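# Close look at the chain arrangement
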Amino acid sequence: MRAFRGSILHYLEDPHSHPDQAREYIEDGLLLVESGRIRAVGPYASMMPSLPTGTPLEDYSGKLLMPGMIDLHTHYPQTEVIASYGRQLLDWLNNYTFPTEMKFSDKAYASAIAERFVQELLRNGTTTAMVFTTVHPQSTEAFFEVAEQHQLRMIAGKVMMDRHAPAGLCDTAESSYTDSKALIERWHGKARLSYAVTPRFAPTSTPEQLQAAGRLMQEYPGLYLQSHLAENRDELAWVAELFPQARDYLDAYEQAGLLGPHCVYAHGIHLSDSACQRLADSGTVLAHCPTSNLFLGSGLFDMSRLTDQGVRFALGTDVGGGTSFSLFRTLGEAYKVQQLLQHSLHPDRAFYLATLGGARALSLDQHIGNFLPGKEADFIVIDPESTPLLSFRIQHCKTLSEKLFVLATLGDDRLIAATYILGQLAYSQEA
Ligand code: GUN
Ligand code: ZN
């Protein structure tokens, strides 16, 4: 057993639907971890006397202990194109992303980038992510190997793409099915890893390939699906041309059986009421990626409307269309997007979405997302005084909500003093 002292914050419910019971905060708390799992949380004063003598105690007084953050959508091979200038989605893909993804036919290269990406996640306090690799099975293999070495809970999959991309990045409906199947057999359910069937987006998959993705989803219960949906207006027009038989963009996926509670679509900005209804009815999840939506000029994700319509969603960074690995930066931009829509995003809802909300969106809340006993001990140590400005600004906060809002607005990787995976130190700013 190990004990960690600090201020403890986690969510038990969605603050939107449970405004008074969502958050648990213990100013001077103790977090007990045993065999990689949460044993208990509570006030330091009442728990300390019953702690077995000799239990190692890590003192993080003055810092905040929170569950690790959850990124619903990111691309590890795009680590090296983050911050590429001046294009919207389709040009950005052709000019920056596709040429870079070609390099991932080289397994050694893929392994090196996967390691760098995972280190960057840990530096930013992200402990679980849903990750695109590239079309090359070896790029997926490389990512899973690295995630397994670090004992991370991760979801990833090989991109399926059989048209409208350079020849070196295309598979076929048949080969994508066979290659995905082999990867599923090898990695899905191994250690803390799950597989996501990954058709890139409707324009780069033939209807036959989407059908192949649907077949895989039927053959392996518990599998995930990840793709992109309704991100950009030019993309929408292109999908309408490519899928004349579909009533809208979502229908291209729906006709292949790709909707459901384990299906996660990035963006979902330009959607009709009918499409939102079908997402809600099927339990399909959206990943809101605000830094990407602003950077690529894609549009504004209307959280209020989607909440009212009952669509499940949480947050993604969408590196490298997104401009930060940090979920704090993502929360800050999510707030600004809601401002532009004349709505708001309360800091409690924001931190819920980055933790328990993300876990629920991925149907992983039995394992991660908060500090209930028995959950896996992936957690972060936040230093609210990590920069001179933060330190100064935090002193002027009267309530916890105000503090959280400041962290979301000004925070980034510098906030993360340490990241623990299964109760073991995986990153420390001091090291
Ligand atoms: N749509 C299809 N592929 C991509 C991608 O790599 N990034 C983003 N943001 N959108 C996409
Ligand atoms: Zn993406």
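To be clear, the structure that these remarks concern was listed above.
Small disclaimer: the values here were computed from a predicted structure and weren't measured. (Residues numbered from 1 in each chain as written. Chains lettered and ligands numbered in written order. Predicted model: local features only at pLDDT ≥ 70, side-chain atom pairs only at ≥ 80, totals over all residues. Heavy atoms only, no water.)

Packing of helix α3 (residues 107–123) against helix α4 (residues 137–149) brings their axes to within 8 Å, and their N-to-C directions diverge by 40°. In this view, α3 runs oblique relative to α4, as classed from their interaxial angle. In this structure, α3 meets α4 at a crossing whose hand is right-handed. Note on element contacts: α4 touches α3 through Gln138, Ser139, Glu141, Ala142, Phe143, Glu145, Val146 and Gln149, opposite Lys107, Ala110, Ser111, Ala114, Glu115, Phe117 and Val118. Taken together, the residues of the contact of α3 with α4 break down into seven nonpolar, four polar and four charged. (Axes fitted to C-alpha atoms, helices over the stretch in contact; angles between N-to-C directions. Helix = DSSP H or I, 4+ residues; strand = E, 2+ residues; numbered from the N terminus. Parallel < 35°, antiparallel > 145°, perpendicular 65-115°, else oblique. Left-handed = near helix turned anticlockwise from the far one by under 90°. Contact = heavy atoms within 4.5 Å. Nonpolar A, V, L, I, M, F, W, Y, C, P; charged D, E, K, R; others polar.)

All right, on to the site of ligand 1 then. As a matter of local geometry, ligand 1 sits amid His75, Gln78, Leu89, Trp92, Leu93, Arg200, Phe201, His228, Glu231, His267, Leu296 and Asp318. Glu231 places a side-chain nitrogen or oxygen 2.7 Å from a nitrogen atom of ligand 1. One of the side-chain nitrogen or oxygen atoms of Asp318 is found 2.7 Å away from a nitrogen atom of ligand 1. Across the complex, the protein chains shield 100% of the 280 Å² of accessible surface that ligand 1 would expose by itself. Among the elements that make up the shell around ligand 1, the one with the highest residue count is helix α2 (residues 89–101) (three residues). In the shell around ligand 1, the residues fall into five nonpolar, four polar and three charged. (Near = heavy atom within 4 Å. Polar contact = N/O pair within 3.5 Å; in protein donor to acceptor, adjacent residues only side chain to side chain. Areas by Shrake-Rupley, 256 points an atom, 1.4 Å probe, with all protein chains shown as cover.)

Summarising the metal site, the zinc ion (ligand 2) is bound by the protein donors His73 (NE2), His75 (NE2), His228 (NE2) and Asp318 (OD), whose distances to it range over 2.0 to 2.3 Å. In this structure, the zinc ion (ligand 2) is coordinated by four donor atoms arranged in irregular fashion, with angles at the metal of 92 to 164°. Each donor residue of the zinc ion (ligand 2) belongs to the same chain, with the gaps between them written as H-x1-H-x152-H-x89-D. Placement of His75 in strand β5 (residues 69–75) and of His228 in strand β10 (residues 224–229) is noted, with a sequence separation of 153 residues between them. Classification of His228 as buried rests on a relative accessible area of 6%. (Donors = N, O, S within 2.8 Å, 3.2 Å for Na, K, Ca; no water. Tetrahedral: all angles 85-135°; square planar, octahedral: opposite > 155°, others 65-115°. Buried < 20%, exposed > 50% of the residue type's maximum accessible area, 1.4 Å probe, protein only.)

Of the volumes computed, that of the largest pocket is approximately 220 Å³. In terms of lining residues, the largest pocket is bounded by 14 residues, among which Ser7, Tyr25, Gly62, Pro384 and Lys403 are the most central. Counting only elements with at least two residues in the lining of the largest pocket, the list comes to β2 (23–34), β4 (57–67) and α16 (400–410). Ranked by residues supplied to the lining of the largest pocket, first place goes to α16 with four residues. Among the residues making up the lining of the largest pocket, the classes are represented as seven nonpolar, two polar and five charged. What the second largest pocket holds in volume is close to 190 Å³. Around the second largest pocket sit Asp14, Thr307, Gly310, Val311, Arg312, Phe313, Arg349, Tyr352, Leu353, Gly357, Arg360 and Ala361, which together line it. Elements represented by at least two residues in the lining of the second largest pocket include exactly β13 (312–315), α13 (347–354) and α14 (356–361). Of the residues belonging to the lining of the second largest pocket, the class tally is five nonpolar, three polar and four charged. (1 Å grid on protein atoms, 1.4 Å probe; cavity = no way out; pocket = protein on both sides within 12 Å on 5 of 7 lines; lining within 4 Å. Points joined across faces, edges and corners; volume = space filled by probe spheres on them.)

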